[in-house]
Amino acid sequence: MNISIREPKESDAEYFIKTMIEDQDYHDPWINAPKSEDAFKNYLAKSKQENNKFFLIIVEDLIAGIINISEIIQGVFKNGFLGYYGISKFSKQGIMTNG
C-alpha cells in the first residue's frame, strides 16, 4: 500500500467534499469538516496562512486522512494545535499511524 502526505489543493475539492458528506455520521460530533465548495475554499485559504499547516494522507490517490496543525507559534515558545481524522473506509488499517 502506497501512503504519502501532501498539502491539500483545489483539485481535491470534489472528492474531499463527497467523502466528508458520506462520513458525516462517522465524524459527528467531533469533526465539522468542509462539506461545500465555499467551506473547502475557506479551508484551503486557511491552509495557506503562515500560522497553519494542513496535510492530507493519501493512499493510492485517495484521501485517507487529514492532519491540521493550526495556530502555530514560532520563536522561543514553539506551539500549535494538532487535529487529525481519518476516512471511514480506511479505518482500522493503521494508515493514520503510518502516514
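Residues numbered from 1 in each chain as written. Predicted model: local features only at pLDDT ≥ 70, side-chain atom pairs only at ≥ 80, totals over all residues. Heavy atoms only, no water.

**Some thoughts on the overall build of the chain**
- Check the secondary structure of the chain and you find four helices and four strands.
- Going from N to C terminus, the chain has its helices and strands arranged as β-α-α-α-β-β-β-α.
- Looking at the chain residue by residue over its 99 residues, the buried ones come to 32%.
- Excluding contacts between residues fewer than 6 apart, the proportion of contacts in the chain whose partners are at least 24 apart in sequence is 51%.
- On the chain, roughly 6,700 Å² of surface is accessible, and the fraction owed to carbon and sulfur atoms is 50%.
- In the chain, which carries 11 positive and 14 negative side-chain charges, the distance between the mean positions of the two groups comes to 4 Å. (Helix = DSSP H or I, 4+ residues; strand = E, 2+ residues; numbered from the N terminus. Buried < 20%, exposed > 50% of the residue type's maximum accessible area, 1.4 Å probe, protein only. Contact = heavy atoms within 4.5 Å. Areas by Shrake-Rupley, 256 points an atom, 1.4 Å probe, with all protein chains shown as cover. Lys, Arg positive; Asp, Glu negative; His and termini not counted. Charge placed at Lys NZ, Arg CZ, Asp CG, Glu CD.)

**Quick notes on the pattern of salt bridges**
- All told, the structure shown has two salt bridges when counted by the stated rule.
- Two residues, Lys 18 and Glu 22, come together in a salt bridge whose shortest N-O distance is 3.0 Å. Within this pair, Lys 18 and its partner Glu 22 are both found in helix 1 (residues 13-22), separated by four residues, close to a single helical turn. (Salt bridge = Lys/Arg side-chain N within 4 Å of Asp/Glu carboxyl O.)

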